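# A structural walkthrough
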Amino acid sequence: MFRSSPLTVRSDWIDYNGHLNMGYYAVLFDLAADEAYSALGFGPDYRTRSGHTTYTAEFHIRYLREVKKEDRLQVAFHVIDFDAKRFHTFQEMYHTDGWLAATGEGLALHVDTSGPHVAPMPEPILSALARMKGASDQAPQGLGRAISMRRSKD
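Now for a quick tour of the structure. (Residues numbered from 1 in each chain as written. Predicted model: local features only at pLDDT ≥ 70, side-chain atom pairs only at ≥ 80, totals over all residues. Heavy atoms only, no water.)

## Concerning the overall build of the protein
What counts is decided by this rule: For the purposes of this entry, the term helix denotes a DSSP run of H or I that reaches at least four residues, the term strand denotes a run of E that reaches at least two, and both are numbered from the N terminus. Each residue gets one of three labels from its accessible area relative to the maximum for its type: buried under 20%, exposed over 50%, partly exposed in between, using a 1.4 Å probe on protein chains only. Here, residues are in contact when the closest pair of their heavy atoms is within 4.5 Å. The Shrake-Rupley method, run with a 1.4 Å probe, gives the accessible areas here. Residue values count only the displayed protein chains as cover. His residues and chain termini do not enter the charge count, which takes Lys and Arg as positive and Asp and Glu as negative. All charge positions are set by atom: Lys at NZ, Arg at CZ, Asp at CG, Glu at CD.
Helices and strands together make up the secondary structure of the protein, namely 3 helices and 7 strands. Sequence-ordered secondary structure for the protein, helices as α and strands as β, is β-β-α-α-β-β-β-β-β-α. Expressed as a percentage of its 154 residues, the buried residues of the protein come to 39%. Intrachain contacts of the protein at a sequence separation of at least 6 include 68% that bridge at least 24 residues. Put simply, the protein shows about 9200 Å² of open surface, and 50% of that area lies on carbon and sulfur atoms. Put simply, the protein has 17 plus and 19 minus side-chain charges, and the middle of one group is 4 Å from the middle of the other.

## Some words on the packing of aromatic side chains
Applicable threshold: When the centres of two rings from Phe, Tyr and Trp lie within 6.5 Å, Trp using its six-membered ring, the rings pair. Their planes under 30 degrees apart give stacked, over 60 give edge-to-face, and anything left gives tilted.
For the coordinates displayed, the defined rule picks out 8 aromatic pairs. Taking 5.5 Å as the distance between ring centres and 65° as the angle between the ring planes, the aromatic pair formed by tyrosine 37 and phenylalanine 87 counts as edge-to-face. Of this pair, tyrosine 37 sits in helix α1 (residues 22–40) while phenylalanine 87 sits in strand β5 (residues 86–95), placing them 50 residues apart in sequence. Across the pair, phenylalanine 87 and tyrosine 37 agree in class, each one buried. Measuring from ring centre to ring centre gives 5.5 Å for phenylalanine 42 and phenylalanine 87, while their planes differ by 10°; the resulting arrangement is stacked. Linking phenylalanine 42 in the loop between α1 and α2 (44–50) with phenylalanine 87 in strand β5, this pair joins segments that are 45 residues apart in sequence.

## Thoughts on the nonpolar core
As a rule of thumb, soluble globular proteins bury nonpolar side chains together. The line we're drawing: We define a nonpolar core as any set of buried Ala, Val, Leu, Ile, Met, Phe, Trp, Tyr and Cys residues linked to one another through side-chain atoms lying within 4.5 Å.
In terms of nonpolar packing, the biggest core is built from 16 residues, with Tyr37, Leu40, Phe42, Phe77, Phe87 and Leu129 touching the most fellow members. For this core, the elements supplying multiple residues, two or more each, are α1, β4 (72–82) and α3 (123–134). When near neighbours in sequence (up to four residues on either side) are disregarded, phenylalanine 42 contacts Tyr37, Thr54, Phe87, His110, Met121 and Ile125. If you look at the next biggest cluster of nonpolar residues, it comprises 15 residues, including Leu7, Leu20, Ala32 and Val75.

## Regarding the pattern of salt bridges
Stated precisely, the cut-off is as follows: One side-chain nitrogen of Lys or Arg within 4 Å of one carboxyl oxygen of Asp or Glu is enough to make a salt bridge.
Tallying each qualifying case throughout the model produces 5 salt bridges. Residue glutamate 66 is joined to lysine 68 by a salt bridge in which the shortest nitrogen-to-oxygen separation is 3.7 Å. With a relative accessible area of 44%, glutamate 66 lands in the partly exposed category. Classification of lysine 68 as partly exposed rests on a relative accessible area of 40%.

What follows is the structure in structure tokens.
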């Protein structure tokens, strides 16, 4: 499992309720994913060098605890599954005090920018995905959650 460097909540990310605005959870997950992607071989130079990049096809966030100004966070990044053209990830945003603040689950596509169109990943990246997937020995709690409401029988 990959862990991001520590991230600090900026004051301009705080909403009128005094906590981190929901959009900035996505920013923090994205900053952490950038670090993990570099470890996988999708670093900033990958697009320029290869003409390929990644696009996010889907992303779900669960907001579990309030995060406030200047809180320090770290994000765990798990590779859940992958095939030649896609990879499924799960991220856990932890406060440096140890509590889980949020989770983010996503599906990314490997894209040839000349189309653009979804394209197979090179073998070194597939190997890196396999290594990162192998580092997670169990499924994270909350993986695959769907949004729903229980209906009362009134």
